[in-house]
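Observations on chain architecture
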Amino acid sequence: MLQNLPPEILITIFSNLDLPSITALTTTCKAFHDLCRNESIWANLSYRQFNVDLKVTATFSPRLFYRTLLYPYRKAVGVWQRKNLKHYGSILKVTPKSDGIHLQELVAPTKIFGDFKVFDFVKIGYDENSDKVVFENRSRFPKGGRACVKVNGVAGLSVIFPELEESSANPSEWRQNITEFIETTYGKGTQLTDLGLHRFIETLQANSFHRYEKLEPPLPNTQNLPITQGYFFGTYGDHGIEVVQVKSFHLSPQTSSAISDIGGLKITGDPNIAAGQITFRIIDDKCLNLTLQDQESMAQVEKFDKTPRYVDYFDGLELDFRVPEDCHEREKLDFQ
């Protein structure tokens, strides 16, 4: 019988079980209940489920760490999109580590081929002395005050700052905060514009409450589509670099191969196209067949647009492309 095996063998067996199986074992008999409290079982479970390497020490219990922190906040792990800003969005990455659960902001780079800039936001830790969860505000913006994290499978994830520091009346401190925000968002040395100030104000006004929805993982390109689905950086003029999800809007995206179903959804946004809105959508399976001569100038492009020519898409199709010589970025307009 299983009970007759040595405790070392039983612990090895139990260390390969999932949580429901371990929980069920604790209800069978006192011997198994006591064995299931072995710290190595929970350290192994934490590694298999969360890829967290926990070490048993005289002052640290993987079992309590799992019970108090990892399991209750398991649904928080992943990548999230902020949803309670009017125009803009932001991205939050939640990662379990051996010292707690780390919430980090992912900020788009200032150059199109750059990588995300990563900033600490909130850390969810565990205080073994009190056996309680501890929230640590590590945010650069907002600074100071307590933090609280709530996760719900239906409502998403919320980060609350109930005790923000009062806004300073010192102009130099405001100038420093705005400069730090603008340079983080748009790059070192960027001058303050109305667009940048608008983004700062909108973010400031919603500083005490952050609501997020989990981002869906990109689908594999099993339909042989000419455009890869996934998350990309896009440059939007004075609005800077933004994150766009390229996806199929077909009712059955995993089976559709129609080019016309492909579009781009803003993950971050701006006053022109807000986060969560479609920034482009392909509405025809045919491809515009512009020659290099058609693309020499904007006048040539406009002439082509009046009597367009098309070519059907086929695997391996390549079309010439050039930027018209008189094509410039949009004119600077006063922000409304």
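Residues numbered from 1 in each chain as written. Predicted model: local features only at pLDDT ≥ 70, side-chain atom pairs only at ≥ 80, totals over all residues. Heavy atoms only, no water.

**Observations concerning the overall build of the chain**
Applied cut-off: Here a helix means four or more residues in a row that DSSP labels H or I, a strand means two or more in a row labelled E, and each is numbered from the N terminus. For every residue, the accessible area obtained with a 1.4 Å probe (protein chains only) is divided by the maximum for its type, and the residue is called buried under 20%, exposed over 50%, and partly exposed between those limits. We call two residues in contact whenever any of their non-hydrogen atoms come within 4.5 Å of each other. Using a 1.4 Å probe, the Shrake-Rupley method yields the accessible areas, and only the shown protein chains count as cover for residues. Note on charges: Lys and Arg go in the positive column, Asp and Glu in the negative column, and His and the chain ends are not counted at all. Charge coordinates come from a single atom per side chain, which is NZ of Lys, CZ of Arg, CG of Asp or CD of Glu.
When its secondary structure is counted, the chain shows 8 helices and 14 strands. For the chain, the spread of C-alpha atoms along the three principal axes comes to 85 × 60 × 30 Å. Here the chain, with 336 residues, has 38% of them falling under the buried criterion. Across the chain, the fraction of contacts at a sequence separation of at least 24, relative to all contacts at a separation of at least 6, is 51%. Carbon and sulfur atoms make up 52% of the accessible area of the chain, which totals about 19900 Å². In the chain, which carries 37 positive and 42 negative side-chain charges, the distance between the mean positions of the two groups comes to 7 Å.

**Notes on the packing of helix α6 (residues 171–186) against helix α7 (residues 194–205)**
When two helices pack together, their arrangement is captured by the angle between the axes and the distance separating the axes. Cut-off, in case you're wondering: In this analysis an axis means a line fitted to C-alpha atoms, helices contributing only their contacting stretch, and an angle means the value between N-to-C directions, from 0 to 180 degrees. Roughly parallel means an angle under 35 degrees; roughly antiparallel means over 145; roughly perpendicular covers 65 to 115; every other angle is labelled oblique. Charged means Asp, Glu, Lys or Arg here, nonpolar means Ala, Val, Leu, Ile, Met, Phe, Trp, Tyr, Cys or Pro, and polar covers whatever is left, Gly included.
Two elements in contact, α6 and α7, have axes whose closest approach is 10 Å; the angle formed by their N-to-C orientations is 105°. One way to sum up the angle between α6 and α7 is to call them roughly perpendicular. Mapping the contact onto sequence places W174, N177, I178, F181, I182, T185 and Y186 in α6 and L195, G196, L197, R199, F200, T203 and L204 in α7. Across the contact of α6 with α7, the residue classes break down as 9 nonpolar, 4 polar and 1 charged.

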